[in-house]
Amino acid sequence: MVQRLWVSSSGLNGFEGLHQAVQGSHVDVVQLGRGEMRGTLSHVGIGNFSLSVGSFNLGVRAQRTSSDEKLIVGMLLSAKDRVTQFAFDMRPADVLVIPPVIEHDGIFHGASSYAAMRFDLSDVVSMFAGEARLSDPAIWYEKSHYRAGPSPQTATACLPQIVSRLAQHQDALTEASADFWKRAIVDCFTATIFQSLPPDETRTLPSALRLVHNVEDYLATADVRPVHVSELCAAFRVSRRGLHRAFHDVFGVGPVTFLRHKRLCAVHSALLDGSPGDTTVAKVALQQGFVELGRFSQYYRALFGEYPSETLERRGRRSSRTERNMPRIPEPTDDYRPLPFFTRNSEQATLGVGEHPARLGSRRSA
């Protein structure tokens, strides 16, 4: 199914802007803190899936009652003061599951930022097909709170960075990369959920070599489209932990590293094949799922021994050399113009190759 990816961003000038705090859903808001409400609000849409990221400078009370079958999964990104959702005390990077048709009640006692994704409950089967404990829609009908681990900075920084990068380079967003970015967004939330779950050792792992070969065939079919690790888990009904064991047994590296190398190779080829005037490193990197350009450049240089900008410059120099070495065909002049082909019996057949017709009279008189 074709999934169009779009991004919108705006500033908040009053608490009324938070009525659309979650894309596609109305939120009732009461301002608690004194002063002028300011903040930002961004939405990312991919098909029926949406991500909302917002920040505000004053305390608010938020309530929402849903009448549709949409599931909302939220994450607290930062908070200057206490935040409660339902009866849960929230900390940065904590994840909250808000089931469909459930009244939601949240209180932010000070400046805060959040992220929330909203999608059809039926989508959890395809999103988490490799994780039996998450692919059952029944478990998402319960209010759940997942506590973040000891290092929440990665999760809380990832989502705003993705939104910022996508907003800056919307011209680089393609339908082929939409599913990757959707899964990358979901992955930021589920990282907290997965670390809260006990290890699942009940499922049998298929032959590591057979599984890896099947994955490589799958990647060959995808061609240059970026593939997220959760897509592989869903396609082959294997947990992320099981996929990691298989790849480590075969390659000595995990699937995330292997997929990163595949995407880096796709970037390298795109930079060499692209037009120096139209191709940019940032655009190609985003199309292949790299959001942090500094880290991307480090990965690229470690693999290829040069920075991506150097690859692009080398492509430009190679194109210039090719143009300089092309043989130049002289332009015709009045003294010399190639003559058309004539038959043997034609009078002009007596002309020498390249001889000017004006000289014909002198040859006849001779």
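Residues numbered from 1 in each chain as written. Predicted model: local features only at pLDDT ≥ 70, side-chain atom pairs only at ≥ 80, totals over all residues. Heavy atoms only, no water.

Asker: Residue-level account of the overall build of the protein, with values.
Answerer: The helix and strand inventory of the protein stands at 12 helices and 12 strands. Within the span of the protein, comprising 366 residues, buried residues form 45% of the whole. Taking contacts inside the protein between residues at least 6 apart in sequence as the whole, the part at least 24 apart equals 71%. With an accessible surface of roughly 19,500 Å², the protein has 51% of that area assigned to carbon and sulfur atoms. (Helix = DSSP H or I, 4+ residues; strand = E, 2+ residues; numbered from the N terminus. Buried < 20%, exposed > 50% of the residue type's maximum accessible area, 1.4 Å probe, protein only. Contact = heavy atoms within 4.5 Å. Areas by Shrake-Rupley, 256 points an atom, 1.4 Å probe, with all protein chains shown as cover.)

Asker: So, the packing of helix H3 (residues 153-168) against helix H4 (residues 175-196): which residues are in play, and what are the values?
Answerer: Relative to each other, H3 and H4 sit at 155°, their axes nearing to 9 Å. It follows that H3 is roughly antiparallel to H4 by the angle criterion. The two elements H3 and H4 meet at a crossing, and its hand is left-handed. From H3, Ala 155, Cys 158, Leu 159, Ile 162 and Leu 166 reach across to H4, where they touch Trp 181, Ala 184, Ile 185, Cys 188 and Phe 189. When grouped by side-chain class, the residues that make up the contact of H3 with H4 number 10 nonpolar, no polar and no charged. (Axes fitted to C-alpha atoms, helices over the stretch in contact; angles between N-to-C directions. Parallel < 35°, antiparallel > 145°, perpendicular 65-115°, else oblique. Left-handed = near helix turned anticlockwise from the far one by under 90°. Nonpolar A, V, L, I, M, F, W, Y, C, P; charged D, E, K, R; others polar.)

Asker: With reference to specific residues and values, describe H3.
Answerer: Taking 1.5 Å per residue as the helical rise, H3 with its 16 residues ought to reach 22 Å, and the 23 Å between its terminal C-alpha atoms agrees with that figure. If you check which residues of H3 are buried, you get Ala 155, Thr 156, Leu 159, Ile 162, Val 163, Arg 165 and Leu 166. (Expected span 1.5 Å × (residues − 1).)

Asker: So what's going on with the sheet that holds strand E11 (residues 112-120)? Which residues, and what values?
Answerer: In space, the 7 strands of this open sheet follow the order E1-E3-E4-E11-E6-E9-E12, with antiparallel pairing throughout. Looking at which strands have only one partner, the edges of the open sheet turn out to be strand E1 (5-13) and strand E12 (144-146). Taking the axes of each pair of neighbouring strands and ignoring which way they run, one obtains an average angle of 15° across the sheet. As defined by bridge partners, strand E6 (residues 70-79) adjoins E11 across 9 bridges and the pair is classed as antiparallel. By the bridge assignment for E11, Met 75 is matched with Ala 115. Running at roughly 105° to E6, H3 makes contact with E1, strand E3 (38-46), strand E4 (49-56), E6 and E11 of the sheet. (Pairing = 2+ DSSP bridges.)

Asker: Pulling in residues and values, what's your account of the sheet that holds strand E8 (residues 88-89)?
Answerer: Strand pairing in a sheet takes place through backbone hydrogen bonds and is either antiparallel or parallel in direction. Pairing is antiparallel across the open sheet formed by 5 strands, whose spatial order is E2-E5-E10-E7-E8. Either end of the sheet is taken by a strand with one partner, and the two such strands are strand E2 (28-31) and E8. For strand E7 (residues 83-85) and strand E10 (residues 103-108), the ladder comprises 3 bridges, and the chain directions are antiparallel. Following the sheet pairing, Thr 84 is matched in E10 by Ile 107.

Asker: Give a description of the side chain of Ser 177 that names residues and reports values.
Answerer: The topology assignment puts Ser 177 in helix H4. Taking the relative accessible area as the measure of exposure, Ser 177 reaches 1% and is therefore buried. Leaving out residues up to four positions away in the same chain, Ser 177 has contacts with Pro 226 and Gln 287.

Asker: Talk me through the nonpolar core; I want residue IDs and the actual numbers.
Answerer: With 44 residues, the main nonpolar core has Leu 51, Trp 140 and Trp 181 as its most contacted residues. Top contributing element to this core by residue count: H4, with 10 residues. Contacts of Trp 181, omitting those with residues within four sequence positions, involve Leu 5, Ile 46, Ile 162, Leu 166, Leu 286, Gly 289, Phe 290 and Val 291. Formed by 22 residues, the second largest nonpolar core is a distinct cluster that contains Val 22, Ala 62, Val 83 and Ile 98. (Core = buried A, V, L, I, M, F, W, Y, C linked by side-chain atoms within 4.5 Å.)

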